Amino acid sequence: MKTKWDDWWKSFDMDKTGLFFEDCCDIIYKYYNIYIDIEKFIDYYLTSDMRYLIDIHHPNLSTRSNEENIIDLIKNDFDNEIPEYLISDCNQKINFFKNELYWMGWFFIYCLYENKNIETSKELHKVLNFSKLRNLYSTFHEMDLKNCYNRIFNN
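These lines cover the structure that appears in this document, whether it is placed above or below. Keep in mind that this is a model prediction, so the values were computed, not measured.

Calculation rules
Residues numbered from 1 in each chain as written. Predicted model: local features only at pLDDT ≥ 70, side-chain atom pairs only at ≥ 80, totals over all residues. Heavy atoms only, no water. Axes fitted to C-alpha atoms, helices over the stretch in contact; angles between N-to-C directions. Helix = DSSP H or I, 4+ residues; strand = E, 2+ residues; numbered from the N terminus. Left-handed = near helix turned anticlockwise from the far one by under 90°. Contact = heavy atoms within 4.5 Å. Salt bridge = Lys/Arg side-chain N within 4 Å of Asp/Glu carboxyl O. Buried < 20%, exposed > 50% of the residue type's maximum accessible area, 1.4 Å probe, protein only. Phe/Tyr/Trp six-rings, centres within 6.5 Å; stacked < 30°, edge-to-face > 60°.

## Overview of the packing of helix 1 (residues 7-32) against helix 6 (residues 98-114)
(1) Moving on: The geometry of helix 1 relative to helix 6 is characterised by a closest axis approach of 7 Å and an angle of 145 degrees between their N-to-C directions. Crossing of helix 1 over helix 6 shows right-handed handedness. In this structure, helix 1 contributes W9, K10, D13, M14, D15, T17, G18, L19, F21, E22, D23 and D26 to the contact, and helix 6 contributes K98, N99, L101, Y102, M104, G105, W106, I109, Y110, Y113 and E114.

This is how it looks when you write it as structure tokens:
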């Protein structure tokens, strides 16, 4: 299923997913006035049908704004209601550095494109979920992407 992706598409998907991670909490609050548990939401998103369709370059989902995709994800997967398990326990925004969230999404997609044995985000999520990405950030975020990838997947 994995196609030969060019560098432009890889870069586009890395940037778009980084921004998705960075902005999803604010977008959901804007429309639903609820703070989500960002870890649970992103883990859900990475294993969702929507992310699968983006993985295979669905023309609408791949090029629409993250805001449109987040609203559609909630509308289609949750009947336009945020499930209790996705709501932050303290109903307040859990602060992450924006660049931390961006790097996590950016690096996740880099790994998806580089790993020849993994076809989809759902498969990659089994070995590289939100918690693992967060743990990697402090050590790896200033490292060359290829070296970071090799340390994780070639050991």
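## Re the pattern of salt bridges
(1) Moving on: Applying the stated criterion across every chain, the model contains nine salt bridges.
(2) Moving on: Here E114 and K10 are joined by a salt bridge, their closest N and O atoms 2.6 Å apart. A residue pair is termed long-range when its members are at least 10 positions apart, and E114 in helix 6 and K10 in helix 1 qualify at 104 residues.
(3) Moving on: Here D23 ties to K98 by a salt bridge, and the two come within 3.8 Å at their closest N and O atoms. Of this pair, D23 sits in helix 1 while K98 sits in helix 6; the two residues are 75 residues apart in sequence, bridging distant segments of the chain.
(4) Moving on: Given a relative accessible area of 26%, D23 falls into the partly exposed group.
(5) Moving on: One network of salt bridges, in which partners are shared, links D13, R51 and D55.

## A look at the packing of aromatic side chains
(1) Moving on: Taken as a whole and assessed by the stated rule, the structure comprises 13 aromatic pairs.
(2) Moving on: Considering the side-chain rings of Y29 and Y35, the 4.3 Å spacing of their centres and the 15 degrees angle between planes classify their relative orientation as stacked.
(3) Moving on: Classification of Y29 by relative accessible area gives partly exposed; the value is 32%.
(4) Moving on: When the ring of Y44 is compared with that of F78, the centres are 4.9 Å apart and the planes differ by 45 degrees; the resulting orientation is tilted. Taken together, the positions of Y44 in helix 2 (residues 38-46) and F78 in helix 5 (residues 66-78) put the pair 34 residues apart, joining distant regions of the chain.
(5) Moving on: For F78, a relative accessible area of 14% puts it in the buried group.
(6) Moving on: By the ring-pair criterion, three or more aromatic residues cluster together here, those being W103, F107, Y110, Y137, Y149 and F153.

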